[in-house]
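What the coordinates show
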Amino acid sequence: MLRSLYWVGSALGAQRLPPGALRALQLQRLRRMIAHCQQSVPFYGALWAKTGVGAADLRTLEDLARFPIPDRRALEEEPERLVARPHLGLYRAGAGHIRRSGGSSGGPQLEVHADAASWARLDGFYFRALRAVGYDPRVSMAYFWGAPLPRRGLARAGLMMKVGVPAHLDEESQLLILEQNPGIWWYYHPTSLFPLAKRFGERLRATSPRGVISHAELLPRSMRAAIEATLGVPVYDQYGTSEFNRMAWECPARRGYHIDADSVILEVLGDDDRPVAPGETGRAVVTGLINQMMPLIRYELGDLVVASDRRCECGRTLPMIEGIEGRAADVVTLPGGGRRTPRELLEPYGGLDGLEQYRIVFEGPAEARFEFASSREEVASLERAIRDAFEASCPGVALSLRRVDALEKAPTGKRRMVSLADGVAGGASASRFVE
Ligand SMILES: [Zn+2]
C-alpha cells in the first residue's frame with residue numbers, strides 16, 4: 001500500500017514536468033532498462049550482439065531507433081528467453097502477475113509476467129489517468145472484466161473499491177448490477193457499453209454514472225457519441241494492452257490521448273520504420289520502462305495510431321497521440337484502391353436507430369457480411385440504413401446482412417468488430433501500413 005502511494009505521487013508529479021525534464025526522466029529509465037536487458041535478458045543480449053548495438057549506444061532518446069524491432073513470432077515462440085535471469089524462478093513457478101496478449105496474427109499468445117515491485121509501480125500510472133478525469137477514489141467503480149478481481153493495495157484501505165460486472169453476463173444482467181449501484185464510476189468495454197446504451201437508454205441513464213471510462217477495445221466516434229447521448233456524461237477513453245497495461249488516456253480536454261511517457265516509449269512508425277508526421281497514421285511500437293521481469297523493447301503491437309505534436313490545453317506535458325485506428329491486420333483495401341482502417345470501417349453505424357451490436361466480416365476483397373443485433377421486431381428500415389451507409393463507406397464491396405441474437409464475446413469480454421478472412425488484409429503485410 002505505501003509502495004503504491006509512493007508511485008501514485010511519482011506519476012502525478014511527472015505529468016507536469018517541463019518537457020526537457022520529462023525527457024531526461026524517460027532517458028534515465030530507458031538507459032537503466034536497456035542495460036538490464038543487455039545483461040540479464042537472453043533474447044535481447046543475443047539479438048543486440050548480432051545487430052551490433054548495445055547500452056553504450058544510447059545517448060539520447062532518439063538512439064532507441066538504432067535497436068532492432070524484434071519479430072513478434074520470435075518472442076511468442078520462446079517467451080522464456082524474454083525473462084530476466086534473476087526472475088526465472090518466479091516465472092517458472094507462474095508466481096508473477098500474468099497477462100495474456102492477443103497474439104500476432106498466426107502466432108501464439110504471449111504471456112507477459114511482471115514481478116510485484118514492477119506491478120506496484122504500474123498502479124501509479126493507472127491512478128493518474130483516473131484522477132485526471134475527476135475520479136474520486138472514495139467512490140466505487142463498476143468494473144467490467146473477465147477475471148475475478150484481485151484486491152490491490154489501495155482497495156485494502158477502502159480506496160478505489162470495485163463492483164465487479166462479470167464479462168460473460170448478457171446486457172440485461174449487467175444492467176441489473178449497475179442499477180443496484182447508482183452514482184458510481186464505470187470502467188467498461190465499448191462493445192458492451194454501446195448495446196446497453198442503445199437498448200436500455202432510459203434505465204441506463206437513470207443509474208446516473210458519476211463518470212465513464214472506456215478501454216480495452218477500439219472506440220469509434222459514432223459509438224462514443226451514442227453512449228454519451230444516452231448517459232449525458234462524457235466517456236473518457238483509455239488505450240492499453242495486456243503487454244504494457246495502460247499506455248495512453250484522455251484528459252478532460254479529450255483532444256487526443258496523453259501517453260504514459262514515464263511508463264512507456266510509444267513510437268508511431270511508418271513503413272520505413274521512421275516516425276510518421278503529426279496527424280499521420282502509423283504502427284505503434286512500444287518500449288516498456290517498468291517491467292523488470294519480462295521487458296519488451298520496441299515491441300510491435302500490431303495497432304495503428306495517429307501521431308501528434310499537440311501541447312494539451314490542460315497543461316500536462318505528457319506527449320500525445322491523436323487517436324487510435326485499430327489493428328493493422330484489419331485494414332481493408334477497397335476494390336477501387338482506397339483503404340479503410342478498422343475505425344473508419346466501423347464509424348458510419350454508431351448512430352443508426354435500433355442498431356445495438358454490429359460486426360463487419362470481410363469474406364473476400366469485394367465481399368462483406370454485416371452481422372448485427374437489434375431488439376426491435378421490425379428492422380427493414382435499419383437494414384436499409386446499414387446498406388446505404390456501407391455503400392458510401394466501402395463502394396464496390398458486395399454486402400450481405402445477417403441478424404443475430406448477440407455477437408459472441410471472448411472470455412475477456414472483448415468482441416471482434418472487424419474480421420478479415422485470410423488473404424483480405426489491406427497491406428502487403430499486415431504490420432506494414434502507411435497512409
Ligand atoms: Zn490534456
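These lines cover the structure that appears in this document, whether it is placed above or below. (Residues numbered from 1 in each chain as written. Predicted model: local features only at pLDDT ≥ 70, side-chain atom pairs only at ≥ 80, totals over all residues. Heavy atoms only, no water.)

Right, let's talk about the overall build of the protein for a bit. What the protein contains, in helices and strands, is 12 helices and 19 strands. For 435 residues, the compact-globule estimate of 2.2 N^0.38 gives 22 Å, and the C-alpha radius of gyration of the protein, at 22 Å, lies within 12% of that figure. Considering only C-alpha atoms, the protein reaches an extent of 65 × 55 × 45 Å along its principal axes. Within the protein, the fraction of its 435 residues that count as buried is 56%. In the protein, the share of contacts with a sequence separation of at least 24, taken over all contacts with a separation of at least 6, comes to 65%. In the structure as shown, the protein presents an accessible area of about 18300 Å², 50% of it carried by carbon and sulfur atoms. Here the protein contributes 56 positive and 52 negative side-chain charges, whose respective centroids are spaced 7 Å apart. (Helix = DSSP H or I, 4+ residues; strand = E, 2+ residues; numbered from the N terminus. Rg over C-alpha atoms; globule rule 2.2 N^0.38 Å. Buried < 20%, exposed > 50% of the residue type's maximum accessible area, 1.4 Å probe, protein only. Contact = heavy atoms within 4.5 Å. Areas by Shrake-Rupley, 256 points an atom, 1.4 Å probe, with all protein chains shown as cover. Lys, Arg positive; Asp, Glu negative; His and termini not counted. Charge placed at Lys NZ, Arg CZ, Asp CG, Glu CD.)

This part takes up the packing of aromatic side chains. Under the defined criterion, the tally for this structure stands at 15 aromatic pairs. Between the aromatic rings of Y6 and W7, the centroid separation amounts to 4.9 Å while the plane-to-plane angle is 80 degrees, which identifies the pairing as edge-to-face. The exposure class of Y6 is exposed, given its relative accessible area of 54%. For W7, a relative accessible area of 19% gives the class buried. Note on F244 and Y299: the rings are 5.8 Å apart at their centroids and 70 degrees apart in plane angle, and the pair reads as edge-to-face. Highlighted residues: F244 in the loop between β7 (235-241) and β8 (245-249) and Y299 in strand β12 (residues 299-307), separated in sequence by 55 residues. Note on accessibility: F244 and Y299 belong to one class, buried. (Phe/Tyr/Trp six-rings, centres within 6.5 Å; stacked < 30°, edge-to-face > 60°.)

What follows concerns the coordination of the zinc ion. Those protein atoms acting as donors to the zinc ion are C251 (SG), H258 (NE2), C312 (SG) and C314 (SG), and they sit at 2.1 to 2.3 Å. Geometry at the zinc ion is tetrahedral, judged from the 4 donor atoms that bind it and their angles of 104 to 117 degrees at the metal. Here the donor residues of the zinc ion share one chain and are spaced in sequence as C-x6-H-x53-C-x1-C. Taken as a pair, C251 in the loop between β8 and β9 (257-259) and C312 in the loop between β12 and β13 (320-327) lie far apart in primary sequence, 61 residues in all. (Donors = N, O, S within 2.8 Å, 3.2 Å for Na, K, Ca; no water. Tetrahedral: all angles 85-135°; square planar, octahedral: opposite > 155°, others 65-115°.)

Moving on, we get to the sheet that holds strand β17 (residues 367-373). Strand order in this open sheet of 4 strands is β18-β17-β16-β19, and the pairing throughout is mixed. Lying at the two open borders of the sheet, with one neighbouring strand each, are β18 (398-403) and β19 (418-420). Each strand of the sheet is rotated relative to its neighbour by a mean of 20 degrees, with strand direction disregarded. The sheet contact formed by β17 and β18 spans 6 bridges and is parallel. Of the residues in β18, the one forming a bridge with F372 is R403. Strand contacts of helix α12 (residues 380-393): β16 (357-364), β17 and β18, with the helix running at about 150 degrees to β18, the strand carrying the most contacts. (Pairing = 2+ DSSP bridges. Axes fitted to C-alpha atoms, helices over the stretch in contact; angles between N-to-C directions.)

Before going further, it helps to examine the pairing of strand β11 (residues 281-288). With 8 of 8 residues buried, β11 is to be regarded as a mostly interior element. Direction of pairing for strand β10 (residues 264-269) relative to β11: antiparallel, over a ladder of 6 bridges. When the sheet's bridge partners are listed, L266 is paired in β11 with V286. Sheet topology places β11 next to β12; 5 bridges connect them, and they run antiparallel. Looking at β12, one finds that T281 is bridged to V306.

The topology assignment puts S214 in strand β6 (residues 211-214). In this structure S214 comes out as buried when scored by relative accessible area, which is 1%. A distance of 2.6 Å separates the side chain of S214 from the side chain of D237, its partner in a polar contact. If near-sequence neighbours (up to four positions away) are discounted, S214 is found in contact with Y188, P190, L219, V235, Y236, D237 and Q238. (Polar contact = N/O pair within 3.5 Å; in protein donor to acceptor, adjacent residues only side chain to side chain.)

Attention shifts here to the nonpolar core. Core analysis: the biggest nonpolar cluster contains 113 residues, and W186, Y239, I321, Y349, Y358 and F362 have the highest contact counts within it. Two domains each provide a minimum of three residues to this core, namely domain 1 (1-328) and domain 2 (329-420). Beyond its immediate chain neighbours, meaning those up to four positions away, I321 contacts Y239, A248, G256, Y257, I259, L266, V268, V305, V306 and S308. Listed in part, the 9 residues of the second largest apolar core include A129, C251, A261 and L318. (Core = buried A, V, L, I, M, F, W, Y, C linked by side-chain atoms within 4.5 Å. Domains from an automatic or database assignment.)

Before going further, it helps to examine the environment of F390. Looking at the element boundaries, F390 is found in helix α12. By relative accessible area, which is 1% here, F390 ends up buried. Taking the C-alpha atoms as reference points, F390 and D136, 254 residues apart in sequence, are found 42 Å from one another. For F390, the residues in contact, after removing those within four places along its chain, are Y349, I360, F362, A368, P395, V397 and L399.

On to the packing of helix α1 (residues 2-14) against helix α6 (residues 116-132), then. The interhelical angle for the contact between α1 and α6, taken along N-to-C directions, is 50 degrees, at an axis separation of 7 Å. Viewed along their axes, α1 and α6 adopt a mutual orientation that is oblique. Crossing angle aside, the handedness with which α1 passes α6 is right-handed. Contacts from R3, S4, W7, V8, A11, L12 and A14 in α1 reach A116, A117, A120, R121, D123, G124, F125, F127 and R128 in α6. Of the residues contributing to the contact of α1 with α6, the split by class is 10 nonpolar, 2 polar and 4 charged. (Parallel < 35°, antiparallel > 145°, perpendicular 65-115°, else oblique. Left-handed = near helix turned anticlockwise from the far one by under 90°. Nonpolar A, V, L, I, M, F, W, Y, C, P; charged D, E, K, R; others polar.)

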